[in-house]
Amino acid sequence: MRNRLKTLINPNIIIRIISLALAFTVVQVLISVNVINSYLQITLATICINIILAVSLNLITGFTGQFSLGHAGFMSIGAYTCAIITMRYGTLWSFILGVFLGALLAALVGFLVGLPTLRLQGDYLAIATLGMSEIIRVVFVNLDVITNGAAGLSDIPQFVNWIWLFVFTAGVVWVIANFLNSSHGRACISIREDEIASSAMGINTTRYKVMAFTFGAFCAGIAGAMYSSYFYVIKPDLFGFLKSIDILVIVVFGGLGSITGSVLAAVLLAIMSTFLQAFSEIRMILYAVLLVAIMIFRPQGLMGSKEITIGMFNKLGNMFSSKKEV
Amino acid sequence: MEQFMQQVVNGISLGSIYALIALGYTMVYGIIKLINFAHGDVYMFGAYIGYFCMTTLKLDVLPSLLIAMVCSTILGVAIEKIAYKPLRNATRIAVLITAIGVSLLIEYGTMFFMKAGVRTYPPMTGLMAQKFHIKGLVITMQQVLIVIITIILMVLLQFIVKKTRVGKAMRAVSLDRDAAELMGINVDTTISFTFAIGSALAGAAGILVGLYYNSINPLMGVMPGLKAFIAAVFGGIGIIPGAMVGGYVIGVVEVFVSGYLNSMYRDAIVFAILILILIVKPSGLFGRNVREKV
Amino acid sequence: MPILKVEKLTKSFGGLMAVHNVDIELEEGELVGLIGPNGAGKTTVFNLLTGFYPPTKGEIILYKNGKEKHLQGLKPDIICKEGLARTFQNIRLFKDLSVLDNVRIAMHKNVKYGLVSSFFHLPSYIREERKLYDASMELLSIMKLDHKKDEFARNLPYGEQRCLEIARALATNPSILLLDEPAAGMNPAETAMLSDLICWIREKFKLTILLIEHDMSLVMKICERIYVLDYGMVIANETPELIKSNKRVIEAYLGEDVSDA
């Protein structure tokens, strides 16, 4: 009976709450004593936004097995929608409306694009999604009346602060983790494992692929809204092919199919880029080398498809204590 | 009408470039089922080598072309040996990500050594600066050169693929790698050879574009690379004549969109074509439908 | 009473007739074999029945609760929901998932909670997941796999992988089970156990079973009726005893010269 409950009610739920509270408190304290100064707060925001992007891309690519190279396109929809709405109304409520409208629009585009293209296999899908994000970018460049063309929007009202970032990041990760730990989530994962067997077991694979894609796009839209409201300047070029690659690097580095891996990788890579801020070319070269090296030497990334759990720390602890005894 | 014909001429010149790059994509995809994202950067590399030959070494166009092709070949084979070969049995997604990594490495490596700015090819003189006026059409010597060299290279490629031993090996490996290996074909050499030919063509395209548009930069390979891939998909990936036709179609469409609509929509329309093909006939114009075996 | 009726089923790949005018009829509760030389089109018949290929021609009719239902042209997941489940010749488990998850995924179509509930783990999620877990464990314990519920499917020994595949098919709650060479790669002892298992699950789950198999000892022992396929056509449909002495069947398997000699 205890065993049954353990499998059903996520045993990590209390641990999740505690670790989230701990993370929030630590960062909050560090901000108030100015260890995280205003410069490092930018890194903090980047980390949060990248976590949302990476975890949602991981849902599409790592868990459902659909290779997408267009995540930045969905992000840009969220960013522009939220920016345009807050610039017009300028209230906190308009910001909240902007976040959700942006996410919904991104999801809608994800749905419309996903429906026909998700029939494609592997690399064809990758190219199709890449094409889609390029089309979105070109549309934003050309809709100058509302997007101000290639120059982009500036002076977007800044509503997002650390608390908003934390709430949305934790919320998105929590919901995605819950989804993956449900029958619907398992249906998605079974598509990655073996699409043919999955449909033979009664799973409507198209439906679940589109669902994961739409859901991922929704979350990317939230990330975009956070971005525009925190950094208050956006332009179409920020959401090009390179941004999609950026997100992919985080997912691959953390491990396709590991949520905690994506979170860890987002933190590590953001810290790395902060140190390399002044040398943007070297940063890209390092990124590239990292990407190739991971694929050759550790294709499963930092975590593989495993998650960081408390049990892991126990094991680690045991390892150290047993070493001491020797 | 004159304007229309002029657009066709320009489209064919641009299409030749795309066709040359698309051939490399299609051959590599045919043989190892990999979208070689770094292929567009080999083309960029070819353009830079050509630039050096013509400015620093003050060589003529043809020797520069040959040197650029040889250097691109070396780069292409090196990429295959270093980055792709260790992943021969890895998942498709792993190889694709590696290809993206290699592509970024070449782009930003070039940017690091060459600086990000634009470089300009030396102005054409003498015979190369000629322009032909035919019934109101203007055809530049560069355009003539591009089309002639492209045709020569394509004929040469057809000869290699159809008539030589390596060509037969290439076709055999792309049909069934395991069976080819059992028949005593050295698969690794054949794959390297495919990369070599594809890269030589891309290098040639690079220098031709340098001559045509004069300016080159480290990221110049990204868009043409993607468009050439679209051309390959259009014609049916893995099919050599398909890549040629696809290249010309994409080139002409692009020129027409910039000429008659708005050049800003150029890229978007090419990508829209891609998505349309993938939905309507994913196997491309000349491709056959293949089903996954249950 | 028939449960499944296949009429003039035909599939051509280009010019090749892989399956040609095949008629198959399954009575409720029957255990029927489908045999034939390599390349006779047996697996193609399965792929047609389960919707992986659309038939070129012909009808597949399922009789359920006194109603007729045409299955040709439907998609695999719909056909599975109608009550046809299958296993694969070359085991297709979800290799990197646990044994429990393999079975739970196959039960997905019976899960009654929506997306919102899965996002926030609402009470309906907890209730339904508990039911799902209990049902999966019950099935696993019947198949004697319950002690391995947390193992990755890829780490199971070969015989247990075959069993898990059958368990997974059963988890979809089928009325007709299609087994594609379940004994392939098994030793005689394992095959004997498998034949007991097949007979037993038929009783336990009230199944109609259609079985492709090359192991004649197994087919002759458990099947009540056998269809023989050759070059995509049914050449015999008889009891095992009659099949053994059927001239056309022997010709198909051994070539014409043998019967002449």
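Residues numbered from 1 in each chain as written. Chains lettered and ligands numbered in written order. Predicted model: local features only at pLDDT ≥ 70, side-chain atom pairs only at ≥ 80, totals over all residues.

1. Examining the nonpolar core
Soluble globular proteins tend to bury their nonpolar side chains together.
Stage number 1. Counting residues in each nonpolar core, the largest one holds 278 residues, and the members touching the most others are A:Ile52, A:Ile222, B:Ala204 and B:Leu274.
Stage number 2. No other element matches the 16 residues that helix H11 (residues 205-231) of chain A contributes to this core.
Stage number 3. Those residues in contact with A:Ile52, other than ones at most four positions away along the chain, are A:Phe168, A:Thr169, A:Val172, A:Cys219, A:Ile222 and A:Ala223. (Core = buried A, V, L, I, M, F, W, Y, C linked by C-beta atoms within 7 Å. Buried ≥ 20, exposed ≤ 12 C-beta atoms within 10 Å, placed from the backbone. Helix = DSSP H or I, 4+ residues; strand = E, 2+ residues; numbered from the N terminus. Contact = placed C-beta atoms within 7 Å.)

2. Some words on the domain arrangement of chain C
Residues and elements named next belong to chain C.
Stage number 1. By domain assignment, chain C separates into domain 1 (1-83 + 175-261) and domain 2 (98-173).
Stage number 2. Contacts between the two partners involve nine residues from domain 1 and, on the opposite side, eight residues from domain 2.
Stage number 3. Only helix H2 (76-82) and helix H7 (188-205) provide two or more residues apiece to the side of domain 1 that touches domain 2.
Stage number 4. Broken down by element, the side of domain 1 that touches domain 2 gets its largest block of residues, three residues, from H7.
Stage number 5. For the side of domain 1 that touches domain 2, the class distribution of residues is six nonpolar, one polar and two charged. (Domains from an automatic or database assignment. Nonpolar A, V, L, I, M, F, W, Y, C, P; charged D, E, K, R; others polar.)

3. Some remarks on the sheet that holds strand S9 (residues 225-230) of chain C
Residues and elements named next belong to chain C.
Stage number 1. Taken in spatial order, the six strands line up as S6-S7-S8-S3-S9-S10 in an open sheet, and their pairing is mixed. A strand with exactly one partner marks an edge of an open sheet, and here the two such strands are strand S6 (84-86) and strand S10 (233-238). Each strand axis lies, on average, 20° off the axis of its neighbour in the sheet, ignoring direction.
Stage number 2. Where strand S3 (residues 31-35) and strand S8 (residues 208-212) come together, four bridges link them in parallel fashion. Residue Gly 33 lies in a different strand from S8, and its bridge partner there is Leu 211.
Stage number 3. Strands S3, S6, strand S7 (176-180), S8 and S9 of the sheet are contacted by helix H1 (residues 42-49), whose axis makes an angle of about 145° with S7. (Pairing = 2+ DSSP bridges. Axes fitted to C-alpha atoms, helices over the stretch in contact; angles between N-to-C directions.)

4. Some words on the interface of chain B and chain A
Stage number 1. Contacts between the two partners involve 33 residues from chain B and, on the opposite side, 32 residues from chain A.
Stage number 2. Sorting elements by how many residues they give to the side of chain B that touches chain A places helix H4 (residues 92-114) of chain B first, with 15 residues.
Stage number 3. Partitioned by chemical class, the residues of the side of chain B that touches chain A number 28 nonpolar, three polar and two charged.

5. As for the environment of A:Ser190
Stage number 1. Relative to the helices and strands, A:Ser190 resides in helix H9 (residues 183-193).
Stage number 2. Between the alpha carbons of A:Ser190 and A:Ile49 there is a distance of 28 Å; along the sequence they are 141 residues apart.
Stage number 3. Apart from the residues lying within four places of it in its own chain, the contact partners of A:Ser190 are A:Ser198, A:Ile203, C:Phe94 and C:Ile105.

6. Overview of the packing of helix H10 (residues 240-260) of chain B against helix H11 (residues 266-280) of chain B
Residue and element names in this part refer to chain B.
Stage number 1. Contact geometry of H10 with H11 gives a least axis separation of 9 Å together with a crossing angle of 140°. Taken as axis vectors, H10 and H11 run oblique relative to one another. Taken as a pair, H10 and H11 cross one another with a handedness that is right-handed. Where H10 approaches H11, its residues Ile 250, Val 253, Glu 254, Val 257 and Ser 258 are matched on the opposing element by Arg 266, Ile 269, Val 270 and Ile 273.
Stage number 2. When the residues that make up the contact of H10 with H11 are grouped by side-chain class, the tally is six nonpolar, one polar and two charged. (Parallel < 35°, antiparallel > 145°, perpendicular 65-115°, else oblique. Left-handed = near helix turned anticlockwise from the far one by under 90°.)

7. Notes on the sheet that holds strand S5 (residues 67-70) of chain C
Residue and element names in this part refer to chain C.
Stage number 1. Across the sheet, which stays open at both edges, the four strands sit in the order S2-S1-S4-S5 with antiparallel pairing between neighbours. Each edge of the open sheet is held by one strand with a lone partner, namely strand S2 (16-27) and S5. The mean inter-strand angle of the sheet, taken between neighbouring strand axes irrespective of direction, is 20°.
Stage number 2. With four bridges joining them, strand S4 (residues 57-64) and S5 adopt antiparallel strand pairing. For Lys 64, the partnering residue across the bridge sits in S5 and is Lys 67.
Stage number 3. The strands touched by H1 within the sheet are strand S1 (2-13), S2 and S4, with S2 carrying the most contacts at an inclination of about 65°.

8. A word on helix H8 (residues 187-213) of chain B
Residue and element names in this part refer to chain B.
Stage number 1. End to end, H8 covers 39 Å across 27 residues, agreeing with the expected 39 Å (1.5 Å per residue, within 8%).
Stage number 2. Most of H8 sits inside the fold, with 21 of its 27 residues counted as buried.
Stage number 3. Downstream of H8 by a residue or two, Asn 214 has a phi angle that is positive, lying close to 70°. (Expected span 1.5 Å × (residues − 1).)

9. Focus: unusual backbone geometry
Negative phi is the rule for most residues except glycine; trans is the rule for most peptide bonds.
Residue and element names in this part refer to chain C.
Stage number 1. Non-glycine residue Asn 65 carries a positive phi angle of around 50°.
Stage number 2. Of note in this structure, Lys 206 is not a glycine but carries a positive phi near 50°.
Stage number 3. On the secondary structure map, Lys 206 appears in the loop between H7 and S8.
Stage number 4. We classify Lys 206 as exposed; it has 10 C-beta atoms within 10 Å.

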